[in-house]
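# Remarks on the overall topology
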Amino acid sequence: MRTLAKVLLILLITAGLYWALDIGYGYYAGKIQRAEPPNAAYIPGLRGLRYASGDFMIEAGSTIDTEAVPGTGILTPKEFHGTFFNIDRKPPTDLLYRRTSNPDPAKPPTVTVLLIGGSTIFGADAPDDLTIASLLSRRLNADDKTHSYVVLNAGTFGANSTMERERLQYELAHGQKPEIVIVMDGGLDLMGGIYLGAPGRTFAEGRGEVADFFHRYFPHNIYWALRGWLSQRAIKLGLKKPPANIQKPVDVDKLTKDTVAFWLDNEAAMAKLAKDAGARFISALEPNRYASSFSHPTDDLKFVDRQTDGHLPGLRPIMPKALAQLSAGSESLKAQGIETLDLSTIFKDKTQNLFTDGAGHFNSIGNAMVADRLAAAILATTVTTQP
């Protein structure tokens, strides 16, 4: 017993020292950041945007961590309240959602739109009022004279279609009653399935209870700083290499086929979940830098290529073919009676800088283009509400 007590005491002291050191480092690093905040101008997709200040960049970097929903394979963003980013816990599910700028309902009945996806839906590079969810709400409420709309932003960093399927199932089982469900995804399925060689696997699968305890309750200032430094160091030294599973075309072909099959199964399953709940379902493929050629050689395209080659070497050559197969898969869902919307190439004629990094994120201008397409698809069919 004495030995156990000593071990526990040592662990408590170690945890306390780590906590104090990390909080202290976070305070020190934050002070430096506030004195010399990151300059968004080096990212073409953020250059000149009114919200892309140093304070915005600091907040954006503070919202990338996730926490697991106990007993599930679901990750959500962590609760956060700031000037540009707000992540709220909302009933009836008690899950965490990025805040949407929904106007007060003025035209009953109210239509609830549940928007599910990864970090592009979350809105990694836009403030609350300029995410896809907020812009979609604004457009729907302005253009439909007979309904009010409430859009819920269930976007999460690292969510692929497998996690989204479980998220939708959880939402419906815990009291969420949307009239419309929109899932926008594709990129992370290809990333995990082909580049990482694990079709269908989610980023939540490696998160055990102990790991999530640290993610949920311990500060991560040192972790994120060290991770960023090591990543940049590896790029500078040329240490990052393409993974073995994309070295052979035959392996890439098999992983692509398996990945698209998993994606199709998940989209079909989500369509059924929505139908059984009396909701309309739309499967949307998200825009991607590598889904097409571009009419205008804007600065963001070269910037994203450099980011992709540095952080994910070998990814760029395999993406066009994989995205084409994903688009073909999306088209095949229509034969099953599933409503689809392929947005993968909607930026191909753009004249402005939209993309912000190699992870497929884009700015508020891109968000508006996506929201317009989603709104047009929704309003093209008469919206009916559940009794």
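See the structure above.
A brief look at the structure comes next. In this text, all values refer to a predicted model and were calculated from it rather than measured experimentally.

Summed over all chains, the structure comprises 18 salt bridges. We note a salt bridge from R167 to E171, for which the minimum N-O separation is 2.9 Å. Highlighted residues: R167 and E171, both in helix α5 (residues 161-173), separated by 4 residues, approximately one helical turn. Each member of the pair R167 and E171 is classed as buried. The partner of K334 in a salt bridge is E331, with the nearest N and O atoms 3.5 Å apart. The exposure class of K334 is partly exposed, given its relative accessible area of 44%. Note on E331: relative accessible area 47%, which makes it partly exposed.

The step from P91 to P92 runs through a cis peptide bond, and the omega angle for that step is 0°. With respect to the helices and strands, the residue P92 is situated in the loop between β4 (86-90) and β5 (95-98). Of note, the phi angle at D94 is positive, near 65°, even though the residue is not glycine. Looking at the element boundaries, D94 is found in the loop between β4 and β5. A relative accessible area of 47% means that D94 is categorised as partly exposed.

This part is about the packing of α5 against helix α9 (residues 249-276). For the pair α5 and α9, the least separation of the axes is 9 Å and the interaxial angle reads 15°. One element, α5, and the other, α9, form an angle in the roughly parallel class. Note on packing geometry: the crossing formed by α5 with α9 is left-handed. Two secondary-structure elements touch here, α5 through S161, T162, E164, R165, L168, Q169 and L172 and α9 through F262, W263, D265, N266, E267, A269, M270, L273 and A274. A class-by-class count of the residues in the contact of α5 with α9 yields 8 nonpolar, 4 polar and 4 charged.

Reading the values: rules and limits
- Residues numbered from 1 in each chain as written.
- Predicted model: local features only at pLDDT ≥ 70, side-chain atom pairs only at ≥ 80, totals over all residues.
- Heavy atoms only, no water.
- Salt bridge = Lys/Arg side-chain N within 4 Å of Asp/Glu carboxyl O.
- Helix = DSSP H or I, 4+ residues; strand = E, 2+ residues; numbered from the N terminus.
- Buried < 20%, exposed > 50% of the residue type's maximum accessible area, 1.4 Å probe, protein only.
- Axes fitted to C-alpha atoms, helices over the stretch in contact; angles between N-to-C directions.
- Parallel < 35°, antiparallel > 145°, perpendicular 65-115°, else oblique.
- Left-handed = near helix turned anticlockwise from the far one by under 90°.
- Contact = heavy atoms within 4.5 Å.
- Nonpolar A, V, L, I, M, F, W, Y, C, P; charged D, E, K, R; others polar.

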